[in-house]
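Remarks on the overall topology
Listed here are the chains, written in short residue letters.
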Amino acid sequence: MANGQWYPKEWPELIRALADGTLTPVTPKRAATVMLLKDTGSDTGPVVHMLRRRASMAFAGGAYAYPGGGVDPRDDDHHVRWAGPTRAWWAHRLGVDETAAQAIVCAAVRETYEEAGVLLAGPAPDSVVGDTTGADWEADRAALVARELSFAEFLDRRGLVLRSDLLGAWTRWITPEFEPRRYDTWFFVAALPEGQRTRNASTEADRTVWIAPADAAASYDRGELLMMPPTVATLRQLTAYGTAAEALAAAPARDLTPVLARARLEEGEIVLSWPGHDEFTKHIPTERMATDLQADLPADPPTDLPTDLQTGGDPP
């Protein structure tokens, strides 16, 4: 493969099944993911926190991504202490009703805490927790991961206010219709709160990195980092901003029209495309073996990343 585009070997058969009507698309689950940024004082702009999904994961195993996961329906109707834009504002921004908007924003904040140890909440509307380490915090985080505790209950127990003003809705992508695991995912941008540090707290990841978006995109282009199309697309978009604050300020004007892949049969080949993102278009001859498409997968681990980025340490 010429780059690091994540491409499951079973996709050609699934696309054919969708085209001939033998595959019924499943309803996508709502999800949220967060591009966590940190300024380093470099003229190359902020770095973004990424994790590599374990190869054993059923969805996008081995791919680099951002912290994220599914919406917990228990966060729909529980009243959460809230700072920042109102639920009505978020409902309009995300294109859903107010209860769904609360649950999506909660998912973004919860997943960032579960997978990176970073919590966008504080004891007051203008504060953020300074340290989330310690046995009591870890016990609550583990209960959230196990879904023994809802995020709304966690905030209540801790007396915390969710800081929705620290998030910016960036883009929205929906998993292709032929995928058996589908997600309707809102991508958010946020800055690492002062005093907090990231860590690999996820059981789904075997590596975390802080990396400049341009460097990550270049590693993808060289076929060294495996990524899904929305990850690469957002990395390229982030390169335009010199600081995390600039990216956050740009978020409200971003178009949240969902991006959904299209697949069609055309003159003896399958054409797979993502509207508005021509670089990801694939032309797959129908007689070509799916296993041929898996050749030259990215090396593990990539050797071009600095040591501190490979280990996931905070940048200087």
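For clarity, every value in this text was computed on a predicted model and none was experimentally measured. (Residues numbered from 1 in each chain as written. Predicted model: local features only at pLDDT ≥ 70, side-chain atom pairs only at ≥ 80, totals over all residues. Heavy atoms only, no water.)

This part takes up the packing of helix α6 (residues 213-221) against helix α7 (residues 229-238). In the contact formed by α6 and α7, the axes pass within 8 Å of each other and the chain directions differ by 140°. One finds that α6 runs oblique with respect to α7. Note that α6 runs across α7; the crossing there is left-handed. Contacts between α6 and α7 involve Pro-213, Ala-216, Ala-217, Tyr-220 and Asp-221 from the first element and Val-232, Leu-235, Arg-236 and Leu-238 from the second. The class makeup of the residues in the contact of α6 with α7 is 7 nonpolar, no polar and 2 charged. (Axes fitted to C-alpha atoms, helices over the stretch in contact; angles between N-to-C directions. Helix = DSSP H or I, 4+ residues; strand = E, 2+ residues; numbered from the N terminus. Parallel < 35°, antiparallel > 145°, perpendicular 65-115°, else oblique. Left-handed = near helix turned anticlockwise from the far one by under 90°. Contact = heavy atoms within 4.5 Å. Nonpolar A, V, L, I, M, F, W, Y, C, P; charged D, E, K, R; others polar.)

Another aspect to go through is the side chain of Arg-163. Positionally, Arg-163 belongs in strand β7 (residues 161-163). Residue Arg-163 is classed as buried on the basis of its relative accessible area, which comes to 8%. For Arg-163, the side chain forms a polar contact with the main-chain oxygen of Ser-127, separated by 2.9 Å. Polar side-chain contacts of Arg-163 include one of 2.8 Å to the side chain of Asp-165. When neighbours within four sequence positions are excluded, Arg-163 is seen to be in contact with Ala-83, Leu-120, Ala-121, Gly-122, Ala-124, Pro-125, Asp-126, Ser-127 and Val-128. (Buried < 20%, exposed > 50% of the residue type's maximum accessible area, 1.4 Å probe, protein only. Polar contact = N/O pair within 3.5 Å; in protein donor to acceptor, adjacent residues only side chain to side chain.)

This part takes up the confidence of the model for the protein chain. Confidence in the prediction for the protein chain averages 84 pLDDT; 84% of positions are at 70 or higher. Here residues 288-316 scores under 50 on pLDDT; set against residues more than four positions off or in separate chains, the count is 62 contacts. (pLDDT = per-residue confidence, 0-100.)

What follows is about the packing of helix α4 (residues 135-145) against helix α5 (residues 151-158). At a minimum axis distance of 10 Å, the contact between α4 and α5 shows a crossing angle of 160°. With respect to α5, the axis of α4 lies roughly antiparallel. Note that α4 runs across α5; the crossing there is right-handed. Residue-level inspection shows Asp-136, Trp-137, Asp-140 and Leu-144 of α4 in contact with α5, the latter providing Phe-151, Phe-154, Arg-157 and Arg-158. For the contact of α4 with α5, the class distribution of residues is 4 nonpolar, no polar and 4 charged.

Secondary-structure assignment places Ala-32 in strand β1 (residues 29-38). For the pair Ala-32 and Gly-68, spaced 36 residues apart in sequence, the C-alpha separation works out to 5.5 Å. Not counting residues within four places of it along the chain, the set of residues in contact with Ala-32 comprises Pro-67, Gly-68, Gly-69, Ile-104, Ala-107, Ala-108, Thr-185, Trp-186 and Phe-188.

This paragraph deals with helix α3 (residues 98-116). Relative to the 27 Å expected for 19 residues at 1.5 Å per residue, α3 spans 27 Å between its end C-alpha atoms, a close match to the ideal helical length. A positive phi of about 75° marks Gly-117, the residue just after α3. (Expected span 1.5 Å × (residues − 1).)

Now for the pairing of β1. Among the 10 residues that make up β1, 7 are buried, leaving the element largely enclosed by the rest of the structure. In this structure, β1 lies alongside strand β9 (residues 183-191), joined through 9 bridges in parallel fashion. Bridging across to β9, Ala-31 finds its partner in Thr-185. Two elements, β1 and strand β4 (residues 68-70), share 3 bridges in a ladder whose sense is antiparallel. Among the inter-strand pairings, Ala-31 is bridged to a residue of β4, identified as Gly-70. Pairing geometry for β1 and strand β2 (residues 47-53), over 2 bridges, is antiparallel. For Leu-37, the partnering residue across the bridge sits in β2 and is Val-48. (Pairing = 2+ DSSP bridges.)

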